[in-house]
Structure formats: structure tokens, C-alpha cells
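Descriptive structure summary
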Amino acid sequence: MQKNIFIAKDIVKQFGNYTALNYVNLEIPEKSIFGLLGPNGAGKTTLMRIINQIIAPDSGSLIFDGNKLKREDIAKIGYLPEERGLYKKMKVGEQALYLAKLKGMSNKEAIEKLKYWFEKLKILHWWNKKVEELSKGMAQKIQFVVTIIHEPKLLIFDEPFSGFDPINAAIIRKEILELRKNGTSIILSTHRMESVEEICDHIALIDKGVCILQGEIEKIKNDFRNSTFLVELKTENLSLPKNFEIIKKENKEYQIQTKDNTSANDLLKVLLQNGEIISFKEKIPTMEDIFIKAVNDE
Amino acid sequence: MNKIWLIIKREYLVRVRKRSFIIMTILGPLLMAGIIILPIYLAIQGNDERNIALYEENTSFSSKLENTDNLHFVKIPAEEVSIIKEDFTSSPYYALLFIKDEENFSLYSNQQVSLSIKEKIEDKITSIIQKQKLELAGIDLQVLEGSTTVIEVETIIIGEGGETSGNAEVSFGIAFMCGILIYMFIFMYGTMVMRGVIEEKTSRIVEVIISSVKPFQLMMGKILGIALVGLTQFMLWIVLTVIISSFAEVLFFDTTSITSESGEMGKEQSIIVSEFLKSLAGINIPQLLSAFVFYFLGGYLLYSALFAAVGSAVDAEADTQQFILPITIPLIISFILMQPVMDNPDGILAYWASLIPFTSPIIMMVRLPFGVSNPELMISMVLLIVGFLATTSFAAKIYQTGILMYGKKASYKELWKWLTYKG
């Protein structure tokens, strides 16, 4: 079984009368990408702030890398918050160095690592520029570098792709995947479901302070299959027995759901009587479908 | 601790390198030096030699009007009067003194005659008339002159270090300076802290930083860093003021001319200077200076934590008004209390105001030049430290919630709720 880098048990957090997190349990597997999903105001940011020890939970326990989460662990965690920025009047290099040293790096080590990453992302020539001279995307790149610079065991990215053009988003995605390959555990919070599908191994879905869904992404997708098939036929006139329902029809493309324990083969048999089949496949739910269904069902 | 140090360093360096800091540091002493030098300069300017044309119709003052170093009376004939009046600019005279009779005196000039010259002329004529009247009454002028007496009461304070001479005026001046400086310092650097917090919040860097350090460390680092900026500026002001003043003294004034100037003035001045030095010796300068630095820092720390809390609660500087008011009220009250405390530095008002931490930084400094007992001073200092710790922990609670609240308009009710949140 895969080891967990972070375990949150029965986390409760209240702000006055408002309950932001209500007995949330999370198990974040090591060396993989964990998608933290949920609608706006679900409590994701609160949870990420608790993991970063920015705020403390009212109750519940937090285990990091096998031990109770300690203050010193912040040096082993990197956090890219959604609300992020830089000192506008400070120079890029000076600022990156400051933030790296705040994470506990020595001056020499910080300069070395920063130069390496600046070089890698081709932003070394920004070193002496002031942040206010940079575009939003450029500043985002610097924030990405300072988040990962101290080579933490656990990285938390909140909407890491926002503000990036597709080219730069791809560069960042590539870097995130490489970090996972090198053994870093990553928590990714985003509303871009296609990114989740592309790079996440596990997900948790939080709604109204409660974790409503958690597990391996493939398994969850499997669970959400609802025996719907995508069929393309030569004919536009299709009539089916009662235990097959046409959910959607677009020209000669159909979405058909099988009912009453009928199988794909049963459907195929019926379809064969209606002429030539161009394509036939099961409709696997997308993360977007799962997200919407799970939240609406709650 | 290492991280707080990093924050202090950044906050300090960023501000000290700012152009506005450098400009303020240079302009401050120039202004201060200007305030000191200008009146002296102007006073000396007024001492240029002046020729006054004198014409009298029915009287005989001219024989009795004595010339002084810088005031020469020149008697002119009647026909010249109209010539001068017609074309004053080309006449060699500064003014024309026209005496009609013993009650009507006029001074003509093409410009506003300086107040000191007007007064000097008035003095001279007054004393001439007085002498005439006394003589008429049959009083011997020599007896009168012999009866003139000047006495000076020396004030002596019996303190722990024996007897020292005091000077209420000097104490007054020092008290006032200290009070004003601390008031200014708290305001200037308190709002600087507040602006710094708002900047971090609006630029959204705050959450990045507090994922590395505790909010309290960030707040204290900022407060201490700015305290060092304040101390640096203050020290530079003192050094530069001294340099500029002494340069200006050498450049503008021939010091020997001041001291040698017509007997009485010089004597009077040297008396004032020696009095001043004597009474300065009566004031415990090391105590005053160390107390100044203590209350300077203590007052600033107490208030700046509150300023930081206000900064954390708002999204823009424009929204700070409603929260700033309760902070500034005790400061303004201290400012208003300065006068009554100086009038009665041992009164009940002065006593309490110099113990309560919100007013003590200003009021104790105002009282100190008049002498405060050591136990009282100690209690006041301890209370200030306690007060600072209290406001800081109170402010830190608001701060750590406030900095993470975006786009929410905070109310007092909201702030109260934040105090109950668990960090």
C-alpha cells in the first residue's frame, strides 16, 4: 500500500458561527498529485491554510510524513496560495532571495538554486528588474519558483495555472509533473477539470465544509459510470425497446443508457437490427460530470 | 528569531533606500536649522546702520537724541523736508522723523519701518520726556539713577545629587520639545507601519510570507524594522542639524560681533547663555536622553501594533479612518495635556497621565525636565512595557485574521469576532 505524506483527521474549523470545515478527513498519498476540488466557498482554502499552519484547526489531528505536524515542518512544505503577489517595488532577484531565506535556506544555497531555476525557466534576465515592470504571467513564474525553491516534500498549488497563457501553462504543468517524478507529493487545487483529469492521481471533493468524495481518480470515474453508451449510426430513425433510453440525440449520434440489467451486448444486438453501426463506446464520465453530479446530489 | 531578523532587515533597508527617506533626512535638519538660524539672522540684519533725518518744529529733542552704533540722527533744515518727502528713494536717509510738538511724532519712509527701529526711537523720546518731567518736579536725576536695582532670584533644586540650580524656562522648553518629538514620531512611524501592512495585503504577498513565518513574526519584524528607520532618521537629524547649524554660524555670523556689540546687549546675552548652561547642568541629561529613547520606543511600539491591526483590517488606506480615530484620540489628548502638565508638573493630572501607558510616553517626557522621582519613573516604565505587551497581543489577534480577509469591509463587530478566532 502507498504511504501517505499527509493525513488530516476529523478537522473542524469554525469562524464565529460559520463552520468552514466539518470533520474533514483526508489521506494524501506520497509521490503523487492530489486534486483538491470543490465549489467556491467549500473550505478548500481554509484546509490548505491549516496544512500550512497559517491557521490552526479547532479540533482534529494532522500527520505529516508519519509524525504529528510540527512548526518546523513548514520548511518541508511549499505553498502557492491563490491570492498571491510580490512586493512591487522590490527587485526580482532580491525578493526571491528574501522569500527563499524565509523558508530557512542559507544565502549561498538560495542563490545557487534560484539561479538554476531562473535559468531553467529562462527568466534570469529579470533578476534586477522591479516586480512592477513585469507582467502578471511573469510574476506568476517567479512565484512558482519561490514556492518550490526549497525542495519541499509536499507542495500545495492553489490555481497554479491562472494568469498563464497556454504556452506558459504547459511549461508549469511540465514542471509539476517532473516534480512528481522526482518524488515530491503535490496537492493541486483548481477549477480547471481538464487539468485535474490530465495530471491528478487522486482527488478529494469538498463541499460546504464536508469531504464528499475521495480516492483514486480512475476508481472514482469507474464508480460514476452509469452504463451510457455513445453510438453513431447510419440511420436517423432509431426506435428502441423500453429498457434502453435515448438520453441525447444529435444527427446520427446518440447517447443511450441501458436499464434493467441489460448489458452493452444486449444494446448492440438491438442496434444491429437498425442498420450499420459506425462507432460504439461506453461514455466514461469526465471529472466535470462527476463534480457537478456529486455536488448537486449532496 | 533568525526569520524575524530577516524581516527586520528587509523592512529597514527598503525604507532607508527610498528616495523620500533620503530627502526627508536632508530636508529635516535644514528646516530645523532654518528655524534656529532665521530669527537670529533677521535680528542681526535689523542692526544695519541707519541714518534718520530729523526735523522738529517747536521742540528741542535733537540735542538730546543720542546716536547709537546703528542709529544716526541727522538734523535737517525745513526746506529739505519736502525734498526728501518728494523723492525718498534717492535720499540718503532710511526714515524721516518729523516732530511737530511734544505729542505729535511721525516717521516717514518709503518702506515699512522695522519694528525695532520704531521701538528704539519711541524709547529714546519717552525717556527724554520722562527726564524732563522729573526735572520739572524737582527730582535729582542722579539720586534716581542710583536707586535703579536689578535682582535675580536663583532657583535651586534640592535633589538626591545635592543642590542644583534650576530654570523653569529651560525645563519648559525641553519638556515641550520632547513631548512634540515623541508625538510626531509615534504618528509618523505608526502610520508607516499601517501603510506597510496595507501594502502587503493589497499586493497579496502576505499569504506567501506567512506560509514561511508566523503572522506575529511578520508584524513584529515590520514594527521593529520601522523603529530602526525612525531611530536612524532621528540620529541623522541630530547630527546633520548640529553640522548645518555650526556651519551656518561660521558662514553667516561673525560671532565676535555679537559678543562685542554695544556693552549691554552682549552682557545680557552672555548672562542668558551662562544661565542656560547652569540650568542644563541642573537637568539630569543622561537620564533625560535615555528616558527619551525609552519612551520614544515604548510609545511607538505600543501604538504601532494598533496601527498594524488597523492596516490588516482594511483593503485600502482610504478605509482606515473609522479605525484610526480611537487610536489617535489618546495621542491627541496627551498633546492637549502637555500645557496643563507643564504648568503643574506635580499635579494629580500629571501624575496619572504619566503612568497610563497610552499617555505616558508624551506626558512623562514633559514632566521629566521638572524632576520626577525614580520609583515613579520606574512604575511608569514598567506599565508602558506591560501596555505594549497587551496592545501587541491584542493587535496580533486582529492582525492574523485581518491579513487573510480580502474584499470584506470590516466593522467593529467583525473585529470583535476576529478576537475570538483561534489562531
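Residues numbered from 1 in each chain as written. Chains lettered and ligands numbered in written order. Predicted model: local features only at pLDDT ≥ 70, side-chain atom pairs only at ≥ 80, totals over all residues.

**Structural notes on the overall build of chain A**
Along the backbone of chain A there are 9 helices and 14 strands. Along the first, second and third principal axes, the C-alpha atoms of chain A reach 75 × 45 × 35 Å. Across the 298 residues in chain A, those meeting the buried criterion constitute 36%. (Helix = DSSP H or I, 4+ residues; strand = E, 2+ residues; numbered from the N terminus. Buried ≥ 20, exposed ≤ 12 C-beta atoms within 10 Å, placed from the backbone.)

**With respect to the sheet that holds strand 13 (residues 253–258) of chain A**
Residue and element names in this part refer to chain A. Strands sit in the order 12-13-11-14 across an open sheet of 4 strands; the sheet is antiparallel. The strands lining the two open edges of the sheet, one partner per strand, are strand 12 (244–250) and strand 14 (277–282). Ignoring strand direction, the axes of neighbouring strands in this sheet form an average angle of 20 degrees. In the sheet, strand 11 (residues 228–233) pairs with strand 14 via 5 bridges, with the strands oriented antiparallel. Paired with glutamate 232 across the bridge in strand 14 is serine 279. (Pairing = 2+ DSSP bridges. Axes fitted to C-alpha atoms, helices over the stretch in contact; angles between N-to-C directions.)

**Considering the domain arrangement of chain A**
For chain A, the assigned domains are domain 1 (4–222) and domain 2 (226–282). Here the C-alpha centre of domain 2 of chain A lies 44 Å away from the C-alpha centre of domain 1 of chain A. (Domains from an automatic or database assignment.)

**Quick notes on unusual backbone geometry**
Residues and elements named next belong to chain A. Residues other than glycine seldom take positive phi values, yet glutamate 151 does so here, at roughly 50 degrees. Its location among the elements puts glutamate 151 in the loop between helix 4 (136–148) and strand 7 (154–158). For lysine 208, which is not glycine, the phi torsion reads 50 degrees and is therefore positive. The topology assignment puts lysine 208 in the loop between strand 9 (202–207) and strand 10 (210–216). Overall, lysine 208 belongs to the partly exposed group, with 16 C-beta atoms counted inside 10 Å.

**Here's the deal with the interface of chain A and chain B**
With 22 residues of chain A at the contact, the number on the chain B side is 19 residues. With 4 residues, helix 2 (residues 92–102) of chain A is the single largest residue contributor to the side of chain A that touches chain B. Grouping the constituent residues of the side of chain A that touches chain B by class yields 13 nonpolar, 3 polar and 6 charged. (Contact = placed C-beta atoms within 7 Å. Nonpolar A, V, L, I, M, F, W, Y, C, P; charged D, E, K, R; others polar.)

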